[in-house]
Amino acid sequence: MAISTSGNAANVLAAIDACKQLKITTIGLTGGEGGKMLGNVDYLLRVSATRNTARIQETHILIDHVICELVDAKLFPSQ
């Protein structure tokens, strides 16, 4: 999972490239138009309703929590 508010963080883009070489599926979380991450990840979740960095990051936190909850439910269905 690659997270970059702008979608242009060099270290995040380098990690995406490394994942591609290892054939690891990538999920990107960005804001705005998606930056360089757009079209460079397998799945892109883009917070496009705002350009406010704090609101984008707050939404990313919510998305992360939902993903963790879904994984927990899948791995531990009785809890």
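Provided above is the structure to which this section pertains.
Treat the numbers as computed from the prediction; the structure is a model and nothing was measured.

## Notes on the side chain of Ser4
Mapped onto the fold, Ser4 is located in the loop between strand 1 (2-3) and helix 1 (10-21). The exposure class assigned to Ser4 is buried, which follows from its relative accessible area of 7%. Within polar-contact distance, the side chain of Ser4 engages the backbone nitrogen of Gly7 at 2.9 Å. In this structure Ser4 touches Ala9, Val12, Leu29, Thr30, Gly31, Met37 and His60, once residues within four positions along its chain are discounted.

## Structural notes on the pattern of salt bridges
Tallied over the entire structure, the rule returns 3 salt bridges. Here Glu33 ties to Arg51 by a salt bridge, and the two come within 3.4 Å at their closest N and O atoms. With a gap of 18 residues between them, Glu33 in the loop between strand 2 (27-31) and strand 3 (43-47) and Arg51 in the loop between strand 3 and helix 2 (53-75) connect regions that are remote in the sequence. Arg51 shares its class with Glu33; the two are exposed. A salt bridge links Arg55 to Glu58; its shortest N-O distance comes to 2.7 Å. With Arg55 and Glu58 both in helix 2 and 3 residues apart, the pair spans about one turn of that helix. Of the residues examined, Glu58 reaches a relative accessible area of 43% and is grouped as partly exposed. Via salt bridges that share partners, Glu33, Arg46 and Arg51 belong to a single interconnected network.

What counts and what doesn't
Residues numbered from 1 in each chain as written. Predicted model: local features only at pLDDT ≥ 70, side-chain atom pairs only at ≥ 80, totals over all residues. Heavy atoms only, no water. Helix = DSSP H or I, 4+ residues; strand = E, 2+ residues; numbered from the N terminus. Buried < 20%, exposed > 50% of the residue type's maximum accessible area, 1.4 Å probe, protein only. Polar contact = N/O pair within 3.5 Å; in protein donor to acceptor, adjacent residues only side chain to side chain. Contact = heavy atoms within 4.5 Å. Salt bridge = Lys/Arg side-chain N within 4 Å of Asp/Glu carboxyl O.

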